[in-house]
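These are the residues of each chain, in order.
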Amino acid sequence: MNKLQGPLWITVVLLLTSSVALLVRAGDLGADDDDDPGPSGPDGLRAGATLYQDLPAPVIPREIRAMPRPKRSYPEQPPVIPHSIRDYQIDINFNTCMTCHSRTQSPRTGSIAASVTHYYNRAGQPLGAVSPRRYFCLQCHVSQHEIDRAVESTFRDMEQLIIEEASQRRGRN
Amino acid sequence: MGIRKTVGDYWTLLNQPAQYLSLGVLTLGGFIAGILFWGGFNTAMEFTNIEQFCISCHEMEVKPYRELKPTIHYTNRSGVRAQCADCHVPHDWTFKVARKMEASKEVWGWIFGTINTHEKFEARRRELAEREWTRLKANDSLECRNCHDFDYMDFTEQSSRARMMHASSLATGEATCIDCHKGIAHRLPDMTGVSAWQ
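Residues numbered from 1 in each chain as written. Chains lettered and ligands numbered in written order. Predicted model: local features only at pLDDT ≥ 70, side-chain atom pairs only at ≥ 80, totals over all residues. Heavy atoms only, no water.

1. Some points on the domain arrangement of chain B
Residue and element names in this part refer to chain B. To keep it simple, the criterion reads: What fixes the domain bounds is an automatic or database domain assignment. Contact criterion: two residues are considered in contact whenever any of their non-hydrogen atoms come within 4.5 Å of each other. By convention, the term buried area covers the 1.4 Å-probe accessible surface removed from two parts as they join, with the contributions of both added. By salt bridge we mean one thing: a side-chain nitrogen of Lys or Arg within 4 Å of a carboxyl oxygen of Asp or Glu. Think of a polar contact as two N or O atoms within 3.5 Å of one another; within protein, one of them needs to be a possible hydrogen donor and the other a possible acceptor, and neighboring residues in sequence only count if both atoms come from side chains. A run of H or I in DSSP counts as a helix once it spans at least four residues, and a run of E counts as a strand once it spans at least two, with each numbered from the N terminus. The nonpolar class holds Ala, Val, Leu, Ile, Met, Phe, Trp, Tyr, Cys and Pro. Asp, Glu, Lys and Arg form the charged class, and all remaining residues, Gly among them, are polar.
According to the domain assignment, chain B contains domain 1 (25-147) and domain 2 (149-178). Every contact between the two is made by eight residues of domain 1 and, on the other side, six residues of domain 2. Buried surface at the junction of domain 1 and domain 2, both sides included, amounts to about 610 Å², of which 58% is carbon and sulfur. Contact with domain 2 buries surface across domain 1, with Lys137, Ser141 and Arg145 losing the most and accounting together for 62% of the total. On inspection of domain 1 and its partner domain 2, the count reaches zero salt bridges. On the surface where domain 1 and domain 2 come into contact, there are four residue pairs in polar contact (both at pLDDT 80 or more). Contributing elements (two or more residues each) for the side of domain 1 that touches domain 2: α7 (118-138) and α8 (142-147). Looking at side-chain class alone, the side of domain 1 that touches domain 2 contains four nonpolar, one polar and three charged residues.

2. Some remarks on the nonpolar core
Our working definition: We define a nonpolar core as any set of buried Ala, Val, Leu, Ile, Met, Phe, Trp, Tyr and Cys residues linked to one another through side-chain atoms lying within 4.5 Å. The cut-offs for exposure are 20% and 50% of the maximum accessible area for each residue type, with area from a 1.4 Å probe on protein chains only; residues under the lower value are buried, those over the upper are exposed, and the others partly exposed.
With eight residues, the main nonpolar core is built from A:Phe94, B:Ala129, B:Trp133, B:Leu136, B:Ile178, B:Leu188, B:Met191 and B:Val194. Broken down by element, this core gets its largest block of residues, three residues, from α7(B).

3. Quick word on the interface of chain A and chain B
Of the residues lining the interface, 19 residues belong to chain A; the matching set on chain B comes to 19 residues. Across the chain A to chain B interface the summed buried area is about 1,600 Å²; carbon plus sulfur atoms make up 47%. Three residues, A:Arg86, A:Asn93 and A:Phe94, lead the burial of chain A against chain B; their summed loss comes to 32% of the area buried on that side. Inspection of the region where chain A meets chain B yields one salt bridge. Among the salt bridges present, the one from A:Asp91 reaches B:Arg187, with a minimum N-O distance of 3.5 Å. When residues of the side of chain A that touches chain B are traced back to their parent elements, those giving at least two are α2 (98-101) and α3 (106-109) of chain A. Taken together, the residues of the side of chain A that touches chain B break down into five nonpolar, nine polar and five charged.

4. Regarding unusual backbone geometry
With a phi angle near 65°, A:Asp87 is a residue other than glycine that sits in the positive phi range. Accessibility expressed as a relative area gives 32% for A:Asp87, which makes it partly exposed. We note that B:Ser141 has phi near 55°; this positive angle belongs to a residue other than glycine. Inspection of the secondary structure assignment puts B:Ser141 in the loop between α7 and α8.

What follows is the structure, encoded as structure tokens:
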């Protein structure tokens, strides 16, 4: 009994100190994690936050049911959809958009017929129905939602550039 | 000979005037029995109107019900919901019984597996949809009008597209709801050849 007592005590003391040390170390690690803000996120959509931070999710915006047709920024821009498209089906069976935007239905429904570019295939050959590459309208046309701009746009359209240049030239003369 | 005799005996018995019951009791009994039968029949019929019953059949749960869920008749800002029976079962009693008798055929189809897979459902969808379109066209979209009454539509609240159509074709009775609002609750089948729908 007596012979064993010495080593036993030593073992107990060693075990205790090492576990305390481990605990302290673990605490340190935790503290490190909390303090480290991580690399900063890309500015813009995630303004102010870093990659490790959880931001509150933004509110899911509401679809605008109807609005005046907005101006296109440039001639080739796919115009945005100025009306609600809730539950509109576009799949192998059916394309709801074309019930109003086809050549035949547009006068009756008061819509603008999808322009002829929608009927050309990529070889420039006009087809009898909407070309497969234009079939999924929402690839290019988007409905509008009640939401603030995430990033301000500095886009200036052609007319603006022409006016600016003209006034500059007038200034020079 | 024997059978005819028994039948004959029963007939004489039933044909005899009641000996021990007063006419009042008889009338009352008949009345109560009638109510019980009528009530039971209607209750049973009401039970088959509950959505849970409709979608206890696998195909109805997987296809029409799940398709209904994201649409406006299942989730909207007002929290008012349409159930299967609201659109598919007439409220008028005679029409209701007629539709139920038709539906018995559908139960048959279910038992014998006429439509028990995704593929079979999709293959028959046009036929099934057309049956509903014909019914709604024939009754001037009665089931829709049970909830949506034209007389109470406020055009100023409607979007311009809706206002334009409702104030013209709908108001004149030229078209009814289902002419323009197909696929309001479920995915549509291949629509080739459906007039005004390409």
